[in-house]
Each structure stands twice: as structure tokens, then as C-alpha cells.
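Given next are the chains, with one letter for each unit.
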Amino acid sequence: MLEMRERGIARPKGRLFDRYHPANIGILSLRETTSSQLHRMSRRAEFKLGNCTAYLLDAQILWIDGSRFVLTGFEQVTTPEGVAEYAQSWLIITGDAPKGQEGR
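As a starting point, this report considers the structure included with it.

Parameters at a glance
- Once a new chain begins, its residue numbering starts again from 1 and follows that chain's sequence as written.
- Predicted model: local features are reported for residues with pLDDT of at least 70 only, side-chain atom pairs are reported and counted for 80 or more only, and whole-chain, interface and lining totals are derived from all residues.
- As a rule here, side-chain values come from all non-hydrogen atoms in the structure, and water together with hydrogens is ignored.
- To qualify as a helix, a DSSP run of H or I must reach at least 4 residues; to qualify as a strand, a run of E must reach at least 2; elements of each kind are numbered from the N terminus.
- Relative accessibility under 20% of the residue-type maximum defines a buried residue, over 50% an exposed one, and the middle range a partly exposed one, all with a 1.4 Å probe and only protein chains included.
- Whether two residues are in contact is decided by their heavy atoms: any pair within 4.5 Å suffices.
- Only strands joined by at least two bridges in the DSSP assignment are considered to pair.
- Each salt bridge in this description consists of a side-chain nitrogen of Lys or Arg and a carboxyl oxygen of Asp or Glu lying within 4 Å of one another.
- The patches described consist of residues with a relative accessible area above 30% and no salt bridge, like charges being joined within 9 Å and nonpolar side chains (Val, Leu, Ile, Met, Phe, Trp, Tyr) within 5 Å.
- All accessibility values rest on the Shrake-Rupley procedure with a 1.4 Å probe; residue burial counts only the protein chains present in the view.

1. Regarding the environment of Leu16
Phase 1: Topologically, Leu16 is positioned in the loop between strand 3 (9–10) and strand 4 (27–35).
Phase 2: Take Leu16: its relative accessible area is 9%, and that puts it in the buried class.
Phase 3: On a C-alpha basis, the gap between Leu16 and Met4 in space is 7.0 Å, while along the polypeptide they are 12 residues apart.

In C-alpha cells:
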């Protein structure tokens, strides 16, 4: 999984899958559930990497091409001022991850 945004701002494509932003290998699930944060039903994507878990709320598949697809939604981040919500997209690569930089 590659996060395609940082605090809601799209990362330049050259920074995706570089040595500072490697792909994370973990377990992905997508399900519709009652969201305690939103007080309604929401499609929630969950990516588990060891003890860490990342979430996307109101997740939807944006596109699929072979062994790659993009999930988009929003993430909630706790800040000193409170909870902030940011747009987020994940590039998911199933099977064997590329060895070099994405698209190169």
C-alpha cells in the first residue's frame, strides 16, 4: 500500500514508491460498518501492518488495472487542536510488488 496524499495534499508522482516512501506490505480489508466517528454507516478500508492499522472512511474503489487499484476516502488524524479529516488515496498492489520505483 502506498499513501498517495500527505495531510490531504497529493504527493508528486515522482515521490510515490521512492526510497523515502516505500510500499507497505500488509493485510487489507474493506467492509461496510456503523462508524462511531460519523454516527452512520460507512464503507471502511483497513490496512494492517504489524501492530499498526490505517483506516479510510467512506472508502471506494477509484480504479482497477490488473494487479493494481486505488482506494479513496478520508482519514482522521488527531492533532493538538482536535481531530482533522483529510482526503486520502491508497495505491494497492496485489501479488508481487515492483522492485524499483513505481512506473520506472
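2. So, the environment of Thr94
Phase 1: When you line up the elements, Thr94 lands in the segment after strand 8 (82–93).
Phase 2: Thr94 gets classed as partly exposed once you look at its relative accessible area, which sits at 38%.
Phase 3: The residues touching Thr94, leaving out its near neighbours within four places in the chain, are Ser67 and Phe69.

3. Overview of the pairing of strand 5 (residues 40–49)
Phase 1: Where strand 4 lies against strand 5, 9 bridges are found, and the strand directions are antiparallel. Bridge pairing in strand 5 places Leu28 opposite Phe47.
Phase 2: Counting the residues that bridge the hairpin from strand 4 to strand 5 gives 4 residues, and of these His39 lies at a positive phi of roughly 60°.
Phase 3: Hairpin connection between strand 5 and strand 6 (residues 52–65): a loop of 2 residues separates the two successive antiparallel strands, and Gly50 in this loop has a positive phi of roughly 65°.

4. Some points on the pattern of salt bridges
Phase 1: A complete count under the given rule lists 5 salt bridges for this structure.
Phase 2: Two residues, Glu32 and Arg43, come together in a salt bridge whose shortest N-O distance is 3.9 Å. Of this pair, Glu32 sits in strand 4 while Arg43 is found in strand 5, placing the two residues 11 residues apart along the sequence.
Phase 3: In this structure Glu32 comes out as exposed when scored by relative accessible area, which is 53%.
Phase 4: A salt bridge links Lys48 to Glu46; the shortest N-O distance between them is 3.5 Å.
Phase 5: On the basis of relative accessible area, Glu46 is assigned to the buried category, the value being 13%.
Phase 6: One salt-bridge network, in which partners are shared between bridges, spans Arg44, Glu46 and Lys48.

5. Observations concerning a nonpolar patch on the surface
Phase 1: A cluster of nonpolar side chains, namely Leu30, Ile61 and Ile64, defines an oily patch on the protein surface of about 280 Å² accessible area.
Phase 2: Mapped onto the elements of the fold, Leu30 is located in strand 4.
Phase 3: On the basis of relative accessibility, which here comes to 40%, the residue Leu30 falls in the partly exposed class.

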